[in-house]
Amino acid sequence: LLLAARGWGRLGTMSRYSTEQRGRPNSPDYRLYFKDADGKYISPFHDIPLFAGSKEDKEIPAKRSKTTGSEVLFNMIVEVPRWTNAKMEIATEEPLNPIKHDTKKGKLRYVANIFPHKGYIWNYGALPQTWEDPNHTDNITGCCGDNDPIDVCEIGSKVRSSGEIVQVKVLGVLALVDEGETDWKIIAISADDPEAQKIHGKYFYINDVKKHKPGYLEATVDWFQLYKVPDGKPENHFAFNGEFKNKDFAVEIIKSTHEHWKALLHKKVDGGAIKCTNMLVSGSPFCCSEEDARSIVQSAPAFTNGDPVSPEVDSWYFFPK
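Predicted, not measured: the structure shown is a model, and the values here were computed from it.

Enquirer: Just checking my understanding: could you explain the overall build of the protein for this structure?
Expert: Broken down by element type, the protein carries five helices and 18 strands. In the protein, which comprises 321 residues, the share counted as buried stands at 55%. Summing over all exposed atoms, the protein offers an accessible surface of approximately 14300 Å²; the carbon and sulfur share of this is 50%.

Written out as structure tokens, the structure reads:
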């Protein structure tokens, strides 16, 4: 987290962005705000381009995107590092949408360990400039969206930091139906990961994942099916009987959620409590000034260091099939 907070990113993308901590770590008032290369505060949800490399364009959303060969790369915002339990997420209902520690009934939320796993089993995060519209019924799942940016499970070999911006190669998608809502889970790998070049099937990257990371996809289905059971909730379900769909299918889902986001930022749909405050989205009625953005951040509690280590989730759960 400190690496990300100081702007020492591992990828070239991160050098264009930095983060600033506010509040006290491991507390409900902790926030991680984002800045661009000029040190201006921005919204990671709205101001970081969906397509990697598109910051070269003057207009956001941009029309061009970075590619590796014929591969389009996307920017991923890391919320939760692999093997950790704290449920960190983009605060969609707060101005500038910082990353915060999610709470329920005033208590910080942590995911349980699902045997044999420790915490989240991937670097978990979201794609910026996407939105799963809760008023739109998905033609595939028959359920409305979950009101969040689309989720990403990054399966590379590195453990990332909360707040990192990682350029990822999309491999496939899992259609989770979570408490009656469509909650797509994009499977991706960092473009700079040593194993990224091994996953190169023309249409069926997801099959290469099974080849080079045996058991990982099966573990992913188990994790999402069971992770809420320790909280007394029923098992989750999936469209397509838990089958992963391929890269092309995943990209179409991403494009669809990107269009929903565009409608949201241009006030063509009702976003409810979603905060659309942004600095860079051309033509958006929600654009704010640099001064207004600075005031938003400065109104948050000042960063307090030296907080005790966050509590570990000690319980282990095993659910036989």
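Next comes the rest of the write-up.
Enquirer: Is there a simple way to explain the packing of aromatic side chains in this structure?
Expert: Any two aromatic rings considered together are summarised by their centre-to-centre distance and by the angle between their planes. Here the structure, examined in full by the defined rule, presents 13 aromatic pairs. Ring geometry for Tyr120 versus Trp122: centroids 6.5 Å apart, planes at 65°, classification edge-to-face. Classification of Tyr120 as buried rests on a relative accessible area of 3%. Judged by centre distance (4.9 Å) and plane angle (15°), the rings of Trp122 and Phe224 are stacked. With a gap of 102 residues between them, Trp122 in the loop between strand S10 (113-114) and strand S11 (123-126) and Phe224 in helix H3 (residues 216-226) connect regions that are remote in the sequence. Its relative accessible area of 0% is what places Trp122 among the buried residues. Geometry around Phe240 places Lys245 over its ring, the cationic atom sitting 4.7 Å from the centre. If you follow Lys245 out to its NZ or CZ, it ends over the ring of Phe249, 5.7 Å from the centre.

Enquirer: Even after reading the chapter, I still don't get the pattern of salt bridges, so can you show me in this structure?
Expert: Any two side chains of opposite charge can pair, on the condition that their charged atoms come close. Counting across every chain of the model gives 21 salt bridges. For Arg109, the salt bridge identified is with Asp102, shortest N-O distance 2.8 Å. Among the residues examined, Arg109 registers a relative accessible area of 24% and is labelled partly exposed. Among the residues examined, Asp102 registers a relative accessible area of 8% and is labelled buried.

Enquirer: So what exactly am I meant to see when it comes to the environment of Thr220 here?
Expert: Residue position: Thr220 is located in helix H3. Counting along the chain gives 46 residues from Thr220 to Leu174, while the straight-line C-alpha distance between them is 9.2 Å. The contacts of Thr220, once residues within four sequence positions are left out, are Ile121, Trp122, Leu174, Ile187 and Phe244.

Enquirer: Would you explain the nonpolar core in this entry?
Expert: Soluble globular proteins tend to bury their nonpolar side chains together. Within the largest apolar cluster, 59 residues are counted, with the highest numbers of intra-cluster contacts made by Trp122, Ile155, Leu171, Ile187, Trp223 and Phe224. Element by element, the count of residues in this core is highest for H3, at seven residues. Every residue in contact with Ile155, bar those within four places of it in the chain, is listed here: Arg82, Trp122, Leu171, Ile187, Ala188, Ile189, Val209, Lys213 and Tyr216. Among the nonpolar cores identified, the runner-up in size contains 21 residues, and Leu50, Ile186, Ala188 and Ala239 belong to it.

Enquirer: Looking at this structure, how should I read the pairing of strand S1 (residues 18-22)?
Expert: The buried fraction of S1 is high, at four of five residues. Taken together, the five bridges between S1 and strand S2 (residues 31-35) define a ladder with antiparallel strand orientation. Opposite Glu20, over in S2, you have Tyr33 as the bridge partner.

Enquirer: I tried to follow helix H4 (residues 247-265) on my own but got confused; where do I start?
Expert: Every α-helix carries 3.6 residues per turn, so stepping three or four residues along brings you back to the same face. The end-to-end C-alpha distance of H4 is 27 Å, a good match for the 27 Å that 19 residues give at a rise of 1.5 Å each. Taken together, the buried residues of H4 touch strand S5 (71-80), strand S14 (165-178), strand S15 (181-190), helix H2 (205-212) and strand S17 (245-246). N-capping of H4 is provided by Asn246, with a side-chain oxygen placed 3.3 Å from the backbone N of Asp248. Following H4 by one or two positions, Lys267 adopts a phi angle in the positive range, close to 60°.

Enquirer: Looking at this model, I keep getting lost on the pairing of S2. Mind explaining?
Expert: Across a regular strand the side chains alternate sides, sitting on one face of the sheet and then on the other. With four of its five residues buried, S2 lies for the most part within the structure. Two strands pair when backbone bridges link them, and S2 and strand S7 (residues 99-101) are joined in this way by two bridges, in the antiparallel orientation. Considered in S7, the bridge of Arg31 is made with Lys100. Pairing of S2 with strand S3 (residues 41-42) involves two bridges; the strand directions are antiparallel. Following the sheet pairing, Phe34 is matched in S3 by Ile42. Between the end of S2 and the start of S3, which pair antiparallel, lie five residues, with Gly39 showing a positive phi angle near 80°.

Conventions used here
Every chain is numbered independently, its residues counted from 1 as its sequence is written. Side-chain atom pairs in this predicted model are given and counted only at pLDDT of 80 or more, local residue features only at pLDDT of at least 70, and totals for whole chains, interfaces and linings cover all residues. Side-chain numbers come from the whole structure's heavy atoms, not from hydrogens or water. A helix here means a DSSP run of H or I that spans at least four residues, while a strand means a run of E at least two residues long, and both kinds are numbered starting from the N terminus. Here's how the labels work: a residue is buried when its accessible area is under 20% of the maximum for its type, exposed when over 50%, partly exposed in between, all with a 1.4 Å probe on protein chains only. What sets the accessible areas is the Shrake-Rupley method with a 1.4 Å probe; for residues, cover comes only from the shown protein chains. Working definition: a ring pair exists when centres of Phe, Tyr or Trp rings (six-membered ring for Trp) sit within 6.5 Å. Plane angles under 30 degrees give stacked, over 60 give edge-to-face, the rest tilted. Two thresholds decide whether a charge sits over a ring: the Lys NZ or Arg CZ must be within 6 Å of the ring centre and within 35 degrees of the ring normal. We count a salt bridge whenever a side-chain nitrogen from Lys or Arg sits within 4 Å of a carboxyl oxygen from Asp or Glu. Any two residues whose heavy atoms approach within 4.5 Å at even a single point are treated as in contact. Nonpolar cores were defined as sets of buried Ala, Val, Leu, Ile, Met, Phe, Trp, Tyr and Cys residues, with membership established by side-chain atoms within 4.5 Å. Here, any two strands with at least 2 DSSP bridges between them count as paired. Here a helix's expected span is defined as the number of its residues, less one, multiplied by 1.5 Å. Whenever a nitrogen or oxygen atom comes within 3.5 Å of another N or O atom, the pair is scored as a polar contact, on the condition that within protein one atom can donate a hydrogen and the other can accept it, and that pairs from neighbouring residues in sequence are kept only if both atoms are in side chains.

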